[in-house]
Protein chains: 2
Amino acid sequence: MSSTSATPLLKDELDIVIPTIRNLDFLEMWRPFFQPYHLIIVQDGDPTKKIHVPEGFDYELYNRDDINKILGPKANCISFKDSACRCFGYMVSKKKYIYTIDDDCFVAKDPSGNDINALEQHIKNLLCPSTPFFFNTLYDPFRDGADFVRGYPFSLREGVPTAVSHGLWLNIPDYDAPTQLVKPLERNKRYVDTVLTIPKGTLFPMCGMNLAFDRELIGPAMYFGLMGDGQPIGRYDDMWAGWCTKVICDHLGLGVKTGLPYIYHSKASNPFTNLRKEYKGIFWQEEIIPFFQSAVIPKECTTVQDCYKELATQVKDKLAKIDPYFEKLGDAMVTWIEAWDELNPPANTEAK
Amino acid sequence: MSSTSATPLLKDELDIVIPTIRNLDFLEMWRPFFQPYHLIIVQDGDPTKKIHVPEGFDYELYNRDDINKILGPKANCISFKDSACRCFGYMVSKKKYIYTIDDDCFVAKDPSGNDINALEQHIKNLLCPSTPFFFNTLYDPFRDGADFVRGYPFSLREGVPTAVSHGLWLNIPDYDAPTQLVKPLERNKRYVDTVLTIPKGTLFPMCGMNLAFDRELIGPAMYFGLMGDGQPIGRYDDMWAGWCTKVICDHLGLGVKTGLPYIYHSKASNPFTNLRKEYKGIFWQEEIIPFFQSAVIPKECTTVQDCYKELATQVKDKLAKIDPYFEKLGDAMVTWIEAWDELNPPANTEAK
């Protein structure tokens, strides 16, 4: 199956959400690709620090004071001094699609040496269906030059709507601290020219560095949890969102794609700092992942919000025995949904 | 994780199984790669026809008369006038590994223009573990330059033994007749530089054109069914083997990999002939696939043989309502296991 038409820009339907920009080159490098879009910058630390945004970009910027003002007491569900705060941007956006990227991610080159327009590929991924119920050995059947192979059931070839497009990273791979420490020199040089649907019932480690999604379809599940200042863990914000999102996508019959596009990840974060942030998560994920693998959402939950609140209850019931943190996280998940619904009154959120 | 050592040849541990060689260039082209190995050629049609094998190859050849002589009345489980007969070669082999390839598949070139040693890549795939319980976004973590990404549970990083390596095809893609008819000119030009584990619980369309497996681990499940002469369908031999194999691998905790290596598939088979062979399968697979997706093998089944006989019973119970053919197929599945055990007495088959 092929979509030969040009990829639509979705200029008025997509916001780019960026947590704190520390790198002045970042937006300059992305200018040819990002300038047509509206940016939402969520500053993660000291609100008095000034973030420099170069001329010509259309943006809004939120610091901690803004978040407190807008959400009032519900602001406690948004992490402080951690890039997890980016999810506030998903909530205040009014667009159908979100692309989020870290400020140490630059434009990558394809094997022919051409700049990769990451956003264009994410849009392609989101606009064509996913195929979570059966694996296609030639990968995404909707890419040009590909199709469903012999033996693929015809009844499943329509696919399901794609909710998430998870992009990858050349140069510095997204490794945990122990792997960073063991392999300080490893670089990802392999350009794998594919996009595929992660099958139903399979979880994956969702990285927030280079991620796009349809916020009308799945937005309320993209909560990045409680990380950073005052919390016992960090670097699990995107993982948390990924586990919840995948379970809910599977329940609602939505698709998650991974693969292209690549960005160039310029700099490994400090493995010692990372180890401090991660080490509890490294233990905890051994119980959290089986929890999500076996989580069942009742049929009655037909909206993302319902599913998410149900998961919050299960988190408190089943994970609080690991650490009281999960009690707090479960509460924050509910607060997040309340805040989401306040900023996105039903007429909008039921647009699906 | 990386395996920097050279790939072992496994010269004395691998047989190459080829159904009928009609193409004289076939073995010449593969000579640099295949000559070290023992070939098992299974002739699918008229036993009086002579198959020409060039000088220098070590081979044994079986025609229908040989199959009848060796298996006696049990020979009725082996298809006649169909390349499905190749599975007889899996049964008579005494090696640990099997590679099977069609005679219209030639050596492909990688993007740098080098000949691809397909067998070497299959061996790599089979010798390193699979990761069916959680998806790794950088694909096979055991390839050089790759590893498990952040968020991958450490308890799952050991992986499980790989039972199957499913390779792909450049040039003519493996399409069904309807897709062939609609897209006569489509060629697969995309070299996707990856290998990945098909997750537990996910079925896939296994193609027999370019396939390797560990016959000690999964051999008895690699039955290519009843196709061709006197049967109502064709071109579902490898699909049938793939469904059964994947369900049994999932039950026994074994892995199935797909992706590299590519071969060059030179010639599309006739789409009109294919349509005649396939059309019942196209209907039937709409019920067969859900059957396999929901098939549960009892815990008591701990060998491939036990699992396969259990599946045979379920096939007769649940699929015979589609067509009496499945009654016959269920019986043939049992005969196949009996024949397998006769040729491979327990001491060998329990080698796992």
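What you are looking at is a predicted structure, and each value in this text was computed from that prediction instead of being measured.

### Details of the overall build of chain A
- Within chain A one finds eleven helices and nine strands.
- Relative to a compact globule of 352 residues, whose C-alpha radius of gyration would be 20 Å, chain A shows 19 Å and is just as compact.
- Judged by the C-alpha coordinates and their principal axes, chain A covers about 55 × 50 × 50 Å.
- Relative to all contacts within chain A whose residues are 6 or more apart in sequence, the contacts with residues 24 or more apart total 75%.
- Surface summary for chain A: the accessible area is close to 13,400 Å², and the carbon and sulfur share equals 53%.
- Between the centroid of the 38 positive side chains of chain A and the centroid of its 47 negative side chains there is a distance of 3 Å.

### Remarks on the relation of the copies chain B and chain A
- Once chain B is rotated about the relating axis by 180° and shifted along it by 0.0 Å, it coincides with chain A to within an RMSD of 0.0 Å. Taken together, the rotation and translation relating the two chain copies correspond to the operation of a two-fold axis. Taking C-alpha positions as the reference, the residue of chain B nearest the rotation axis is Val 192 of chain B, at 2.8 Å.
- Comparing contact sets, 100% of the residues at the interface of chain B also lie at the interface in chain A, consistent with an isologous, same-surface contact.

### A closer look at the packing of aromatic side chains
- Tallied over the entire structure, the rule returns 42 aromatic pairs over all chains.
- Between Tyr 90 of chain A and Phe 224 of chain A, the aromatic rings sit 5.6 Å apart at their centres with planes inclined by 75°, giving edge-to-face as the arrangement. Residue Tyr 90 of chain A is found in helix H3 (residues 87–92), and its partner Phe 224 of chain A is found in the loop between helix H6 (215–218) and helix H7 (237–252); the two are separated by 134 residues along the sequence.
- Relative accessible area serves as the criterion here: at 0%, Tyr 90 of chain A is assigned to the buried category.
- The exposure class assigned to Phe 224 of chain A is buried, which follows from its relative accessible area of 0%.
- Above the plane of the ring of Phe 154 of chain B lies Arg 157 of chain B, whose end atom (NZ or CZ) is 3.7 Å from the centre.

### A few points about the UniProt feature "glycosylation site" (unreviewed entry) in chain A
- Annotation from UniProt places "glycosylation site" (unreviewed entry) at Arg 150 of chain A.
- You can see Arg 150 of chain A is positioned in the loop between helix H4 (118–127) and strand S6 (162–171).
- Judged by relative accessible area, Arg 150 of chain A falls into the buried class, the value being 5%.
- Sequence-distant contacts of Arg 150 of chain A, that is, excluding residues within four places in its chain, are made with Asp 174, Tyr 175, Asp 176, Pro 205, Cys 207, Arg 235, Asp 238, Met 239 and Glu 278 of chain B.

### A look at H4 of chain A
- The element H4 of chain A is largely enclosed, with a buried count of seven among its ten residues.
- Listed as buried for H4 of chain A are Ala 118, Leu 119, Gln 121, His 122, Ile 123, Asn 125 and Leu 126 of chain A.

### Some details on H7 of chain A
All names here are of chain A.
- The end-to-end C-alpha distance of H7, which contains 16 residues, comes to 22 Å, matching closely the 22 Å that a straight helix rising 1.5 Å per residue would cover.
- Buried residues dominate H7, accounting for 15 of its 16 residues.
- Where H7 ends, the next residue or the one after it, Gly 253, has phi of about 75°, a positive value.

### Some thoughts on the nonpolar core
- By size, the foremost hydrophobic cluster in this structure holds 244 residues, and its most contacted members are Phe 34 and Trp 240 of chain A together with Phe 34 and Trp 240 of chain B.
- For Trp 240 of chain A, the contacting residues outside a window of four places in its chain are Tyr 223, Ile 288, Phe 292, Tyr 308, Val 315, Leu 319, Phe 326, Leu 329 and Met 333 of chain A.

### Focus on the UniProt feature "site: Required for activity" (unreviewed entry) in chain A
- With numbering aligned to this structure, UniProt lists the feature "site: Required for activity" (unreviewed entry) at Arg 150 and Arg 157 of chain A.
- A polar contact of 2.8 Å, which involves the side chain of Arg 150 of chain A, links it to the backbone oxygen of Arg 235 of chain B.
- Using a relative accessible area of 6% as the deciding quantity, one classes Arg 157 of chain A as buried.
- At 2.7 Å, the side chain of Arg 157 of chain A and the backbone oxygen of Tyr 152 of chain A are in polar contact.

### Brief notes about the pairing of strand S2 (residues 38–42) of chain B
Residue and element names in this part refer to chain B.
- Buried residues dominate S2, accounting for five of its five residues.
- Neither face of S2 is exposed, since His 38, Ile 40 and Val 42 on one face and Leu 39 and Ile 41 on the opposite face are all buried.
- Here strand S1 (residues 14–19) pairs with S2 via five bridges, running parallel. Of the residues in S2, the one forming a bridge with Ile 18 is Ile 41.
- After leaving S1, the chain enters helix H1 (residues 24–34) and then returns to the sheet as S2, a path that is right-handed.
- By the bridge criterion, five bridges tie S2 to strand S3 (residues 58–62) in an arrangement that is parallel. Looking at the pairing, Ile 40 lines up with Glu 60 of S3.

### With respect to the interface of chain B and chain A
- With 60 residues of chain B at the contact, the number on the chain A side is 61 residues.
- Where chain B abuts chain A, roughly 5,000 Å² becomes buried across the two surfaces, and 57% of that area is made up of carbon and sulfur atoms.
- Interface area lost by chain B to chain A is led by Phe 135, Arg 150 and Arg 190 of chain B, which between them contribute 17%.
- Across the contact surface, chain B and chain A share ten salt bridges.
- Close ionic contact of Arg 150 of chain B with Asp 238 of chain A constitutes a salt bridge, the shortest N to O distance being 2.7 Å.
- Where chain B touches chain A, the interface holds 24 residue pairs in polar contact (both at pLDDT 80 or more).
- Looking at the side of chain B that touches chain A, the elements with two or more residues in it are strand S6 (162–171), helix H5 (177–182), helix H7 (237–252), strand S9 (255–265) and helix H8 (271–294) of chain B.
- The element that contributes the greatest number of residues to the side of chain B that touches chain A is H8 of chain B, accounting for six residues.
- Class assignment of the residues belonging to the side of chain B that touches chain A gives a composition of 30 nonpolar, 13 polar and 17 charged.

### A short note on the pattern of salt bridges
All names here are of chain B.
- Applying the stated criterion to the full structure yields 42 salt bridges over all chains.
- Measuring nitrogen to oxygen at the nearest pair gives 3.7 Å for the salt bridge that ties Lys 316 to Glu 327. With Lys 316 in helix H9 (residues 304–319) and Glu 327 in helix H10 (residues 325–343), the pair connects residues that are eleven residues apart, well separated along the chain.
- Classification of Glu 327 as partly exposed rests on a relative accessible area of 35%.

The rules behind these values
Residues numbered from 1 in each chain as written. Chains lettered and ligands numbered in written order. Predicted model: local features only at pLDDT ≥ 70, side-chain atom pairs only at ≥ 80, totals over all residues. Heavy atoms only, no water. Helix = DSSP H or I, 4+ residues; strand = E, 2+ residues; numbered from the N terminus. Rg over C-alpha atoms; globule rule 2.2 N^0.38 Å. Contact = heavy atoms within 4.5 Å. Areas by Shrake-Rupley, 256 points an atom, 1.4 Å probe, with all protein chains shown as cover. Lys, Arg positive; Asp, Glu negative; His and termini not counted. Charge placed at Lys NZ, Arg CZ, Asp CG, Glu CD. Least-squares fit on C-alpha atoms with pLDDT ≥ 70 in both. Phe/Tyr/Trp six-rings, centres within 6.5 Å; stacked < 30°, edge-to-face > 60°. Buried < 20%, exposed > 50% of the residue type's maximum accessible area, 1.4 Å probe, protein only. Lys NZ or Arg CZ within 6 Å of the ring centre and 35° of its normal. UniProt positions renumbered as here; feature names shortened; annotations may be inferred. Expected span 1.5 Å × (residues − 1). Core = buried A, V, L, I, M, F, W, Y, C linked by side-chain atoms within 4.5 Å. Polar contact = N/O pair within 3.5 Å; in protein donor to acceptor, adjacent residues only side chain to side chain. Pairing = 2+ DSSP bridges. Right-handed = clockwise from strand over helix to strand, strands pointing away. Buried area = accessible area lost by both parts, 1.4 Å probe. Salt bridge = Lys/Arg side-chain N within 4 Å of Asp/Glu carboxyl O. Nonpolar A, V, L, I, M, F, W, Y, C, P; charged D, E, K, R; others polar.

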